[in-house]
Amino acid sequence: MASNSTKSFLADAGYGEQELDANSALMELDKGLRSGKLGEQCEAVVRFPRLFQKYPFPILINSAFLKLADVFRVGMLGSLASIIPERKNAHHSIRQSLDSHDNVEVEAAVFAAANFSAQSKDFAVGICNKISEMIQGLATPVDLKLKLIPILQHMHHDAILASSARQLLQQLVTSYPSTKMVIVSLHTFTLLAASSLVDTPKQIQLLLQYLKNDPRKAVKRLAIQDLKLLASKTPHTWSRENIQALCECALQTPYDSLKLGMLSVLSTLSATIAIKHYFSIVPGNVGSSPRSSDLVKLAQECCYHNNRGIAAHGVRVLTNITVSCQEKDLLPLEQDAVFGLESLLVLCSQDDSPGAQATLKIALNCMVKLAKGRPHLSQSVVETLLTQLHSAQDAARILMCHCLAAIAMQLPVLGDGMLGDLMELYKVIGRSATDKQQELLVSLATVIFVASQKALSAEVKAVIKQQLESVSNGWTVYRIARQASRMGNHDMARELYQSLLTQVASEHFYFWLNSLKEFSHAEQCLTGLLEENYSSALSCIAESLKFYHKGIASLTAASTPLNPLSFQCEFVKLRIDLLQAFSQLICTCNSLKTSPPPAIATTIAMTLGNDLQRCGRISNQMKQSMEEFRSLASRYGDLYQASFDADSATLRNVELQQQSCLLISHAIEALILDPESASFQEYGSAGTAQADSEYERRMMSVYNHVLEEVESLNRKYTPVSYMHTACLCNAIIALLKVPLSFQRYFFQKLQSTSIKLALSPSPRNPAEPIAVQNNQQLALKVEGVVQHGSKPGLFRKIQSVCLNVSSTLQSKSGQDYKIPIDNMTNEMEQRVEPHNDYFSTQFLLNFAILGTHNITVESSVKDANGIVWKTGPRTTIFVKSLEDPYSQQIRLQQQQAQQPLQQQQQRNAYTRF
């Protein structure tokens, strides 16, 4: 709630409370300015213009400006650059303040000039000469020049402006050789080149020149820092000569700190297209061997360096060369990379310091990359990891388990080989209940789930449950159960969820765990499906639906207003509807045997001109099934669009469910409803994409198999035959035999984004309509704030907000008039880009028809890739359109004028009668 002081100055602004004298009003505003809440301070600031209009006394205005100046002091104007970038009076004030004799004002002007230059091209063009004169002026102090030079990094709005700024910086670097001046000028030089993309190769050469020739360590470190920036932003501008020069510097320097920095630049470049440029055959150097290059020599030399950071970067360079370059002469480097990774793994896995863990992460990422790029090396990499797991520290074991899981996800064939070692290790770990031990239990269980691929054996389940009962806490058990649900091990997940039901203190948590247990039980029922056994399939689906309905009831009870579980509820409802659609389709296929077409079916088909009618009622049932699956696919698409905060794996899972629906609908159409026009080209590339998980890999395999079966039967037999119905039933069974994966977003939301809308004018009571005359237009202002969680923009960011405004007539009042069609409806859409998570826009709405109208404002967002997401919210207000007084007066006059005429006509009629 707002404080009393806030209420007072709000009252003074004219909101119905008693009036205050000028001094009292100023004191109330001063209280707001000195409030500890930022919102109250901002509100106090925006009330000052109203105060000046009400009390235009010089003494009060001077006092108010002193209080405002005390609040803002330095940099207020610069902070407003993103809001008022093109305000000319602000530009003029900054130019004037740069000539001030007050040092505080000059510093504020420099800060504002930098911010406005970044936002406004006009300001940057106009201020560039002024900044150049001040930097080159002899009267300007050196410390002020050091503050003015960074402004030049924002002169990137056009090529001419960037060129003039670059010339000035070139003069400064040569004219002022002091360390501070060179560092500031070079760094500004680099930022300008990275932003304008002009003369970037020249900037790389300049930095390499200073790195090689300048004896000062500070300058060398700055050169390395800027080279790394350019390596990450513009790797395509690096030539072979640039990389060669950097390698020579790294080989010659005696300082490990500088060598570490240069290797970090080279490791960044080795993961980009620059590495291919370096090893490309250069005319005139055909005889030179890539293995004898300085980059390879440097990497091999550093792989076994006593400095862990240098060794890590050396190994990363070797790994990237091995994965990216296919030249035969570079194949022996594979073993160098493997040996380097093994030595680094042994060194870092015995040390639990933060530096060793950071180095170990680099080595493990290289192992995953090497196993993916060179599959024939993956076996030795896995064996090394399994061997080292037994002697490593717990912190290192956790990271190594993550690495093993990533390799097993990419290469499932390695899973069976590592399962035995993992189970032996699982039996001996977890002697204590420390956080690291609990984390290790979860990580190792995850690897076991990935390695087992399909259902867990009874022995594996017994070992995991025994270990969890001895040392684990409830949170660890829940995390392991969650991983089991993600990997499709639903029997294990159900038992773990069951064990947790009595260990929670909230009924919402109880219902949540109970729903997860029911869902796992429902999916477990589907593991008993057998091919060609359709009656058993119906009973399995019915049993699964029974547990799913129990689970959705518990899930609804677990939801709260703050956590409505909307994604989870919709995902489960779609799964229930999909299982029901599968069951209905199997029953439809069985009806060909239980209810064959009547004897007159052929005559009916000839009469109607539809050959499919000779199959009897199954043709209409198949059409209904196809429409049902298409409707489910559309609903899955809506769920996808509403999941802006979901991770990529969850979105891919939803997409796979949608593709399953489309696959079955396509199979029905291709086999039965329209075999002649069925096309398989658009579905042919379904299995060519790289699968990121075992679930996706198995689903894609089923898709390809079903498409091959459908294509082989297409046009071979006249529909509907038992071959067609068997193909559809087998496709359903094949899809359901792949255990469903409940992905991360079902359990955990890592990114949280929401939009809050405010409409004005808005009624005091939401149920009351806003009154507007029918001959006027309503200016509807829509304001909004984008709210984020703890990790904003983790998966995707909002680029623009799309606002859709529509109105519908709820009830009419008065007589019907002939109104143009354009005036009967309102349907508008605008896109706005949020600034500092705030946006606003206005709509002009026309309500020519008298009555109550319903206005709906719905928001959606577009991310940086141009994808539209239906995030909501949806806000509704009511408007009552009233007849304007002038039209009402004319209408009443006309009615009064017509009354005597009507009475006279009536009297004439009576007289004639």
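Calculation rules
Residues numbered from 1 in each chain as written. Predicted model: local features only at pLDDT ≥ 70, side-chain atom pairs only at ≥ 80, totals over all residues. Heavy atoms only, no water. Salt bridge = Lys/Arg side-chain N within 4 Å of Asp/Glu carboxyl O. Helix = DSSP H or I, 4+ residues; strand = E, 2+ residues; numbered from the N terminus. Buried < 20%, exposed > 50% of the residue type's maximum accessible area, 1.4 Å probe, protein only. Phe/Tyr/Trp six-rings, centres within 6.5 Å; stacked < 30°, edge-to-face > 60°. Core = buried A, V, L, I, M, F, W, Y, C linked by side-chain atoms within 4.5 Å. Contact = heavy atoms within 4.5 Å. Axes fitted to C-alpha atoms, helices over the stretch in contact; angles between N-to-C directions. Parallel < 35°, antiparallel > 145°, perpendicular 65-115°, else oblique. Left-handed = near helix turned anticlockwise from the far one by under 90°.

## Some remarks on the pattern of salt bridges
- Enumeration according to the criterion identifies 27 salt bridges in this entry.
- With a closest N to O distance of 4.0 Å, K31 and E28 form a salt bridge. Of this pair, K31 and E28 both sit in helix α2 (residues 22-33), three residues apart, which is roughly one turn of that helix.
- A relative accessible area of 41% means that K31 is categorised as partly exposed.
- Since its relative accessible area comes to 15%, E28 is described here as buried.
- Between D394 and R397 there is a salt bridge, with the nearest N and O atoms lying 3.5 Å from each other. With a gap of three residues between them, D394 and R397 both fall in helix α22 (residues 394-410), about one helical turn apart. R397 carries the same exposure label as D394, and that label is buried.

## Here we look at the packing of aromatic side chains
- What the rule picks out here adds up to 18 aromatic pairs.
- Aromatic side chains Y510 and F511 sit 5.6 Å apart centroid to centroid with 70° between the ring planes, which places their arrangement in the edge-to-face category.
- An angle of 70° between the planes, with centres 4.8 Å apart, marks the rings of F567 and Y745 as edge-to-face. Here Y745 lies in helix α36 (residues 744-747) and F567 lies in helix α30 (residues 566-594), a separation of 178 residues in the sequence.
- Given the relative accessible area of 10%, Y745 is considered buried.
- Taken together, the ring pairs in this structure connect W512, F519, Y548, F567, F571, F742, Y745, F746 and F747 into an aromatic cluster.

## Notes on the nonpolar core
- Core analysis: the biggest nonpolar cluster contains 253 residues, and W238 and Y426 have the highest contact counts within it.
- With 14 residues, the top contributor of residues to this core is α30.
- Discounting residues that sit within four places of it in the chain, Y426 has contacts with L441, L444, A445, I448, V463, I464, Q467, L468 and I480.
- Residues L33, F52, L60 and A64 belong to the second largest nonpolar core, which totals 13 residues.

## Notes on the packing of helix α11 (residues 179-196) against helix α12 (residues 200-213)
- Remark: α11 packs on α12, axes separated minimally by 9 Å, with the N-to-C direction vectors making an angle of 155°. Between α11 and α12, the angle is such that the two are roughly antiparallel. The way α11 lies across α12 gives a crossing that is left-handed. Contacts from V182, L186, F189, T190 and A193 in α11 reach T200, Q203, L206, L207 and Y210 in α12.

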